[in-house]
Amino acid sequence: MVKKLLLFCILSFALLKAEVLTYTAYSTKSQADADALAIAGVAKQISVHVKASSIYKQAEIQNEKDSHIGSFFLSEKNLSTDLELKGVRVIQGEKKGDTFSATATLDLDVLTAAIAREMQKIQKEISSKETKASSLISEFRYQQALKSLEDVKMLSKRYATYIKEHEFYKPLPAALELKSQYSEILNRIESELRDIEIVVNKNSDLQLQNNRPFIFSVIVKKKDKPVPDFSVYVSHKNKVLFEKTSDAKGEILIEIP
């Protein structure tokens, strides 16, 4: 008897913990109408579920004809949300007389677990890109490091979309908050660039000659070490005359018409 009672308590706790939203709707109009009302009923429960979230305010729908604050019912059954309801299962009931019925079910745990997996993949990519950027800075490859940071920026935008989607259904757990060193790495690059030197090669002939291009070479360096893949341009009166990237030795041969 004690074992049965304990098992019952465990099952009850598991059922309480699992977040499955269910709504059954009836309609005398059509089966499609009953289906739409059932889905709208689940959507209404979601709105209550995340009512305290700031995302709810962003997702709340306003309609010219009819606006129901605190729910997603619009003009009776026309459901419109900023984020599409995913994973909703609709089971159509047996028609009784002129009444159609449908039950919509949405497992929030399963749904948000799938979203979390995508977020974890992006987090892994971001961490990898930032590690790569830090390594490139150590090699004085600042252009490539900035490219990695651009990738991080794009991935962060994707991550923000998943955050919004997750919070539409459930509050975001602390474990899924984005961890990024983007600002720190960018500041490090800016600090490192202050010590960059661009010096004219001692062997360059800087005498201008008529009808001949002006050719000379420069070396990009930092602490007497060459800086490769560094973009340098020459301009005159806001017009770029020449642009090139330094080679492995930090050298650039400049040729101006």
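Above this text you will find the structure in question.
Residues numbered from 1 in each chain as written. Predicted model: local features only at pLDDT ≥ 70, side-chain atom pairs only at ≥ 80, totals over all residues. Heavy atoms only, no water.

Caption draft 1: Structural view of the sheet that holds strand β3 (residues 100-107). Strand order in the open sheet formed by 3 strands is β1-β3-β2, with antiparallel pairing between adjacent strands. Here the strands that pair on one side only, and so sit at the sheet edges, are β1 (20-27) and β2 (89-92). Within the sheet, the average angular offset between the axes of one strand and its neighbour, ignoring direction, is 20 degrees. Where β2 lies against β3, 4 bridges are found, and the strand directions are antiparallel. Each bridged residue has a counterpart across the sheet, and for R89 the counterpart in β3 is T105. Running at roughly 45 degrees to β3, helix α4 (residues 108-138) makes contact with β1 and β3 of the sheet. (Pairing = 2+ DSSP bridges. Helix = DSSP H or I, 4+ residues; strand = E, 2+ residues; numbered from the N terminus. Axes fitted to C-alpha atoms, helices over the stretch in contact; angles between N-to-C directions. Contact = heavy atoms within 4.5 Å.)

Caption draft 2: Fine view of unusual backbone geometry. Although it is not a glycine, D224 adopts a positive phi angle of roughly 65 degrees. Relative to the helices and strands, D224 resides in the loop between β5 (214-222) and β6 (225-226). Assessed through its relative accessible area of 66%, D224 is described here as exposed. One non-glycine residue with positive phi stands out, namely K237, at about 55 degrees. Turning to its location among the elements, K237 is positioned in the loop between β7 (231-236) and β8 (239-245). (Buried < 20%, exposed > 50% of the residue type's maximum accessible area, 1.4 Å probe, protein only.)

Caption draft 3: Region of the structure containing the packing of aromatic side chains. Using the criterion set out here, one finds 3 aromatic pairs in the structure. When the centroid spacing of 6.2 Å and the interplanar angle of 20 degrees are considered together, the rings of F140 and Y142 count as stacked. This pair shows no difference in class: F140 is buried, exactly as Y142 is. Taken together, a centroid distance of 5.0 Å and an interplanar angle of 40 degrees make the contact between F214 and F216 tilted. (Phe/Tyr/Trp six-rings, centres within 6.5 Å; stacked < 30°, edge-to-face > 60°.)

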